[in-house]
Amino acid sequence: MEKFRIRGGRPLAGEVRVSGAKNAALPCLAATLLTSEPVELHALPRVRDIVTMERVLAALGESCERANGTTRVVAGRGEAHHAPYELVRTMRASVLVLGPLLARRRRARVALPGGCAIGARPVDFHLEALARLGAELRVESGDVVAEAPRGLRGAEIEFPRITVTGTENLLMAAALARGRTVLRNCALEPEVADLAEMLAGMGARIAGAGSPTIEVEGVEALDGTAHTVIPDRIEAGTYVIAAVLAGAGVTVTGCRPAHLRALLDVLGEAGVACDVAADAITVPARTAPPRAVAVATAEYPGFATDLQAQLLALATRSEGTSEITEAIFENRFQHVLELKRMGASIEVLGRTARVHGPTPLDGTTVMASDLRASATLVLAGLVARGETVVDRIYHLDRGYEAMEVKLNALGAEIERFNPGPYR
Ligand code: EPU
């Protein structure tokens, strides 16, 4: 299993460029199932989850070819409709194929994702909403089997709670449903609006994406399109936080600062003023430690749960007691134990972590448990005394494109290595 060896204490300086957003690329890839024509997707990040989604599409008869930063997806002739467990278990977002499969092929069999490291994460809202569009659903040998022999029909749906991939699944299903669908209590995440933009390019009739109520007028068929996915706001935020922690002047380029408003506000409260340009954020060299902050994660435009772990690493180096509350997922503090092993002073009370800072961090061997937790351990390693080994970085590779290459270009010293099974 690959690991990172990080030599701490190296200041970061220079420019780092953000890749395309994993969480926008995944639904955009799934949306290719809605058409028989070729689709070109630009700026898909080279990360593991994208490869997994391409495999899911291959199992469904599509082919994906990448050349010069563009992925061309071509539909197959078959009517395959089964996303198998071997693929789904490695990536919950595979469930995104359910809506488009049902809408165009009128049936789908998708393995249920099961639990994952950050909580139970059920897909009941997806299933209930698809049933409202007329799908018949049952669970068979661990798979959701869904059928709509006469096609889906528009309906009014209110999500009981905001769900990002749930909104995306329904948007794709409704695009080819007969009549009008109104989706209420939708996710406002920029990735939803990006998917809607791609669907509009395919000929879908969608109004209100990016707002709580989305209206979709179903069409008979969708065309091919070319679409560029938005920059990854979570990757950008991770490098902004890295720059606050270990920076001697870092500019994060190719991002959309408007998507990072909540993080920039929190950093402002911590006393870190960033320079914001149209597509770049500059974190100036730090003179004093940041101040402690009180933050609760929330749906967009609130503070992203996907940046909670990284903020926690920063809190260990901030002056005072920070209170960081995780309000989206019930079990997203696994990084805390590893940070404590590095010397952080953190107590978890229910859904809130109280972080007493600043504390020095010591390098040691730590274990990554999920994607964002892994990023946090790398950030901690950047400022730890001595050497930090981050084990199980396959979690990191699911969502960060060449993280060590990007950080090393800023001056970090991170080596990817694999000591083999007997060392
Ligand atoms: N929920 C349910 N039932 C459902 C759907 C959601 O109870 O049917 C609950 C979840 O358990 C959670 C909350 O509702 O407590 C919100 O979950 P949501 O459905 O919004 O999450 P998701 O769509 O599965 C996406 C991102 C996650 C990100 C969350 C929250 C993708 C592919 N994944 O997941 O990204 O944390 O939204 O913003 O877009 C990551 O990139 O590291 C990652 C985990």
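From a predicted model like this one, the values you see are computed outputs, not experimental measurements.

**A closer look at the overall build of the protein chain**
Turning to step 1, where the next piece is worked out: Along the protein chain, the regular secondary structure elements total 14 helices and 24 strands.
Turning to step 2, where the next piece is worked out: Projected onto the principal axes, the alpha-carbon positions of the protein chain cover approximately 65 × 45 × 40 Å.
Turning to step 3, where the next piece is worked out: Across the 423 residues in the protein chain, those meeting the buried criterion constitute 56%.
Turning to step 4, where the next piece is worked out: Here the protein chain displays about 16,500 Å² of accessible surface, and carbon together with sulfur accounts for 48% of that area.
Turning to step 5, where the next piece is worked out: Once the 47 positive and 50 negative side-chain charges of the protein chain are each reduced to a mean point, those two points are 3 Å apart.

**Focus on the site of the ligand**
Turning to step 1, where the next piece is worked out: Looking at the ligand, there are 24 residues lining it, with Asp-124, Thr-163, Thr-165, Asp-306 and Ile-328 nearest.
Turning to step 2, where the next piece is worked out: Between the ligand and the protein, one listed contact pairs a nitrogen atom with a side-chain N or O atom of Asp-124 at 2.6 Å.
Turning to step 3, where the next piece is worked out: A distance of 2.7 Å separates an oxygen atom of the ligand from a polar backbone atom of Phe-125.
Turning to step 4, where the next piece is worked out: Here the ligand loses 90% of its free accessible area of 830 Å² to cover by the protein chains.
Turning to step 5, where the next piece is worked out: Within the residue set of the shell around the ligand, elements represented by two or more residues are helix 1 (22-31), helix 5 (124-132), helix 6 (164-175) and helix 12 (371-383).
Turning to step 6, where the next piece is worked out: Within the shell around the ligand, the residues separate by chemical class into eleven nonpolar, five polar and eight charged.

**Some thoughts on the sheet that holds strand 24 (residues 413-417)**
Turning to step 1, where the next piece is worked out: Across the sheet, four strands lie side by side as 22-23-1-24; this open sheet has mixed pairing. Two strands close off the open sheet at either side, each with one partner strand: strand 22 (365-367) and strand 24. Ignoring strand direction, the axes of neighbouring strands in this sheet form an average angle of 20 degrees.
Turning to step 2, where the next piece is worked out: By the bridge criterion, four bridges tie strand 1 (residues 3-7) to strand 23 (residues 387-391) in an arrangement that is antiparallel. From the neighbouring strand, Arg-7 faces strand 23, where its bridge partner is Glu-387.

**Notes on the packing of helix 10 (residues 308-315) against helix 11 (residues 334-341)**
Turning to step 1, where the next piece is worked out: Put simply, helix 10 and helix 11 touch, their axes get as near as 10 Å, and they point 25 degrees apart. Judged by the angle between their axes, helix 10 and helix 11 are roughly parallel. Remark: the crossing between helix 10 and helix 11 carries right-handed chirality. Of the residues in helix 11, those touching helix 10 at Gln-308, Ala-309, Leu-312 and Ala-313 are His-335, Val-336 and Leu-339.
Turning to step 2, where the next piece is worked out: Class assignment for the residues of the contact of helix 10 with helix 11 results in five nonpolar, two polar and no charged.

**Quick look at helix 11**
Turning to step 1, where the next piece is worked out: Of all the positions in helix 11, only His-335, Val-336, Glu-338 and Leu-339 are classed as buried.
Turning to step 2, where the next piece is worked out: Lining the buried residues of helix 11 we find helix 10, strand 20 (345-349), strand 22 and helix 12.
Turning to step 3, where the next piece is worked out: Within two residues after helix 11, Gly-343 carries a phi angle of roughly 110 degrees, on the positive side.

**Observations concerning unusual backbone geometry**
Most peptide bonds take the trans form, and the phi angle of most residues other than glycine is negative.
Turning to step 1, where the next piece is worked out: Residue Pro-301 is bonded to the preceding Tyr-300 through a cis peptide linkage, with omega at 10 degrees.
Turning to step 2, where the next piece is worked out: Turning to its location among the elements, Pro-301 is positioned in the loop between strand 18 (294-296) and helix 10.
Turning to step 3, where the next piece is worked out: Going from Gly-357 to Pro-358, the amide bond is cis rather than trans, its omega being -5 degrees.
Turning to step 4, where the next piece is worked out: The topology assignment puts Pro-358 in the loop between strand 21 (352-357) and strand 22.
Turning to step 5, where the next piece is worked out: The backbone of Ala-43 shows a phi angle near 70 degrees, a positive value even though the residue is not glycine.
Turning to step 6, where the next piece is worked out: Here Ala-43 is to be found in the loop between strand 3 (39-42) and helix 2 (48-59).
Turning to step 7, where the next piece is worked out: On the basis of relative accessible area, Ala-43 is assigned to the partly exposed category, the value being 30%.
Turning to step 8, where the next piece is worked out: Non-glycine residue Arg-106 carries a positive phi angle of around 65 degrees.

**Focus on the nonpolar core**
Turning to step 1, where the next piece is worked out: Formed by 72 residues in total, the largest nonpolar core has its most connected members in Leu-34, Met-53, Val-97, Leu-152, Leu-171 and Leu-199.
Turning to step 2, where the next piece is worked out: Looking at this core, the element that brings in the most residues is helix 1, giving seven residues.
Turning to step 3, where the next piece is worked out: When neighbours within four sequence positions are excluded, Leu-152 is seen to be in contact with Leu-102, Ala-103, Leu-133, Gly-134, Ala-135, Ala-173, Ala-177 and Arg-178.
Turning to step 4, where the next piece is worked out: In terms of nonpolar packing, the next biggest core, distinct from the first, is built from 69 residues, Ala-242, Val-244, Val-366 and Ala-380 among them.

**Things to note about the sheet that holds strand 2 (residues 12-17)**
Strands in a sheet are paired, the pairing made by backbone hydrogen bonds, and the direction either parallel or antiparallel.
Turning to step 1, where the next piece is worked out: Across the sheet, four strands lie side by side as 2-15-17-16; this open sheet has mixed pairing. Of all the strands in the sheet, just strand 2 and strand 16 (275-276) have a single pairing partner and so form its edges.
Turning to step 2, where the next piece is worked out: Two strands pair when backbone bridges link them, and strand 16 and strand 17 (residues 280-283) are joined in this way by two bridges, in the antiparallel orientation. Paired with Asp-275 across the bridge in strand 17 is Thr-282.

**Concerning the domain arrangement of the protein chain**
Turning to step 1, where the next piece is worked out: Partitioning the protein chain into domains gives domain 1 (3-19 + 231-417) and domain 2 (22-228).
Turning to step 2, where the next piece is worked out: Averaged C-alpha coordinates put domain 1 and domain 2 at centres separated by 31 Å.
Turning to step 3, where the next piece is worked out: Taken over both partners, the interface formed by domain 1 and domain 2 buries close to 1,800 Å², and the fraction arising from carbon and sulfur atoms is 50%.
Turning to step 4, where the next piece is worked out: Considering only the side of domain 1, the residues that lose the most area to domain 2 are Glu-299, Tyr-300 and Arg-398, jointly responsible for 32% of the buried surface there.
Turning to step 5, where the next piece is worked out: Between domain 1 and domain 2 we count two salt bridges in total.
Turning to step 6, where the next piece is worked out: A salt bridge links Arg-398 to Asp-49, with the shortest nitrogen-to-oxygen separation between them at 2.8 Å.
Turning to step 7, where the next piece is worked out: Our count for the domain 1 to domain 2 interface comes out at eight residue pairs in polar contact (both at pLDDT 80 or more).
Turning to step 8, where the next piece is worked out: When its residues are assigned to classes, the side of domain 1 that touches domain 2 shows seven nonpolar, six polar and eleven charged.

About the criteria used
- Residues numbered from 1 in each chain as written.
- Predicted model: local features only at pLDDT ≥ 70, side-chain atom pairs only at ≥ 80, totals over all residues.
- Heavy atoms only, no water.
- Helix = DSSP H or I, 4+ residues; strand = E, 2+ residues; numbered from the N terminus.
- Buried < 20%, exposed > 50% of the residue type's maximum accessible area, 1.4 Å probe, protein only.
- Areas by Shrake-Rupley, 256 points an atom, 1.4 Å probe, with all protein chains shown as cover.
- Lys, Arg positive; Asp, Glu negative; His and termini not counted.
- Charge placed at Lys NZ, Arg CZ, Asp CG, Glu CD.
- Near = heavy atom within 4 Å.
- Polar contact = N/O pair within 3.5 Å; in protein donor to acceptor, adjacent residues only side chain to side chain.
- Nonpolar A, V, L, I, M, F, W, Y, C, P; charged D, E, K, R; others polar.
- Pairing = 2+ DSSP bridges.
- Axes fitted to C-alpha atoms, helices over the stretch in contact; angles between N-to-C directions.
- Parallel < 35°, antiparallel > 145°, perpendicular 65-115°, else oblique.
- Left-handed = near helix turned anticlockwise from the far one by under 90°.
- Contact = heavy atoms within 4.5 Å.
- Core = buried A, V, L, I, M, F, W, Y, C linked by side-chain atoms within 4.5 Å.
- Domains from an automatic or database assignment.
- Buried area = accessible area lost by both parts, 1.4 Å probe.
- Salt bridge = Lys/Arg side-chain N within 4 Å of Asp/Glu carboxyl O.

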